Amino acid sequence: MNKDNEKVRILILDDEPIVCKRLKPAFQKAGYDVETLNDSASAMARIEEAHFDVVITDLKMEGVDGMRFLTRIKEISPDTGVIVITGFATLDTAKESFRKGAFDFLAKPFKLSEILDAVKRVEAGRRQADSASDQPQDDTNGSA
């Protein structure tokens, strides 16, 4: 996670340009640093060169599908929170997404508030984990 003074970085991958066009300004307005891509090949290259705190990915795409993209993100950056979005949601694809490390799974169409809440939950969980790891060890041992 970025330090407190840095914005949370989000990568949105969806082959439907309207999805990126709709989500990007909403996340920017909420204070996030957002990149959008419409093809999985470009997204695969981008995650190799930059770290993202949150990745939102579609499942069904030409080339590398969202499940393979999710797998690769988790190999490169296990701490990245991945939110899977799809218009072809099934119980099996949801289970597989979670098994591969997805943080959340949203069926299209979803409300903007639902995906904003999902990202906020990723952010909150990460901040909590960061603050727990920053806690100093209790070395008082009864001496003062």
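Figured I'd write up the structure that's included with this text. Just so we're clear, the structure is a prediction, and the values are computed from it rather than from any experiment.

**A word on the environment of leucine 91**
By the secondary structure assignment, leucine 91 is in helix 4 (residues 91-99). The exposure class of leucine 91 is exposed, given its relative accessible area of 60%. Sequence separation between leucine 91 and glutamate 16 is 75 residues, and the spatial gap between their C-alpha atoms is 23 Å.

**Things to note about helix 2 (residues 40-49)**
Within the span of helix 2, buried status applies to Ser40, Ala43, Met44 and Ile47. Burial along helix 2 is one-sided: seen end-on, the buried residues are contained in an arc of 105°. Summarising the geometry of helix 2, the exposed residues directed more than 90 degrees from the buried face are Ala41 and Glu49. Summarising the contacts, the buried residues of helix 2 are in contact with strand 1 (9-13), strand 2 (33-37) and helix 3 (66-76).

**With respect to the packing of aromatic side chains**
Counted according to the given criterion, the structure contains one aromatic pair. Here the aromatic rings of phenylalanine 27 and tyrosine 32 are separated by 5.9 Å at their centres, their planes lie at 70°, and the arrangement is edge-to-face. For the pair phenylalanine 27 and tyrosine 32, one class covers both residues: buried. The ring of phenylalanine 88 is capped by lysine 60, whose NZ or CZ atom sits 5.8 Å from the centre of that ring.

**Looking at the side chain of aspartate 53**
Mapped onto the elements, aspartate 53 comes out in the loop between helix 2 and strand 3 (54-58). One buried charged residue, aspartate 53, forms no salt bridge at all, with the nearest opposite charge on arginine 126 at 4.1 Å.

**Things to note about the nonpolar core**
In this structure, Leu11, Ile47, Val55, Phe69 and Val84 are the most contacted members of the largest nonpolar core, which totals 21 residues. Elements supplying a minimum of two residues to this core: strand 1, helix 2, helix 3 and strand 4 (81-86). Of the residues forming this core, the biggest block, four residues, is contributed by helix 3. Residues contacting valine 84, with those up to four places away along its chain left out, are Thr57, Leu59, Leu70, Ser97, Ala102, Asp104, Phe105 and Leu106.

**So, the packing of helix 2 against helix 3**
Where helix 2 meets helix 3, the closest approach of the two axes is 10 Å, and the angle between their N-to-C directions is 10°. With respect to each other, helix 2 and helix 3 are oriented roughly parallel. Mapping the contact onto sequence places Ala43, Met44, Ile47 and Glu48 in helix 2 and Phe69, Arg72, Ile73 and Ile76 in helix 3. Split into classes, the residues belonging to the contact of helix 2 with helix 3 amount to six nonpolar, no polar and two charged.

So, how was this worked out
Residues numbered from 1 in each chain as written. Predicted model: local features only at pLDDT ≥ 70, side-chain atom pairs only at ≥ 80, totals over all residues. Heavy atoms only, no water. Helix = DSSP H or I, 4+ residues; strand = E, 2+ residues; numbered from the N terminus. Buried < 20%, exposed > 50% of the residue type's maximum accessible area, 1.4 Å probe, protein only. Arc of directions from axis to C-beta. Contact = heavy atoms within 4.5 Å. Phe/Tyr/Trp six-rings, centres within 6.5 Å; stacked < 30°, edge-to-face > 60°. Lys NZ or Arg CZ within 6 Å of the ring centre and 35° of its normal. Lys, Arg positive; Asp, Glu negative; His and termini not counted. Salt bridge = Lys/Arg side-chain N within 4 Å of Asp/Glu carboxyl O. Core = buried A, V, L, I, M, F, W, Y, C linked by side-chain atoms within 4.5 Å. Axes fitted to C-alpha atoms, helices over the stretch in contact; angles between N-to-C directions. Parallel < 35°, antiparallel > 145°, perpendicular 65-115°, else oblique. Nonpolar A, V, L, I, M, F, W, Y, C, P; charged D, E, K, R; others polar.

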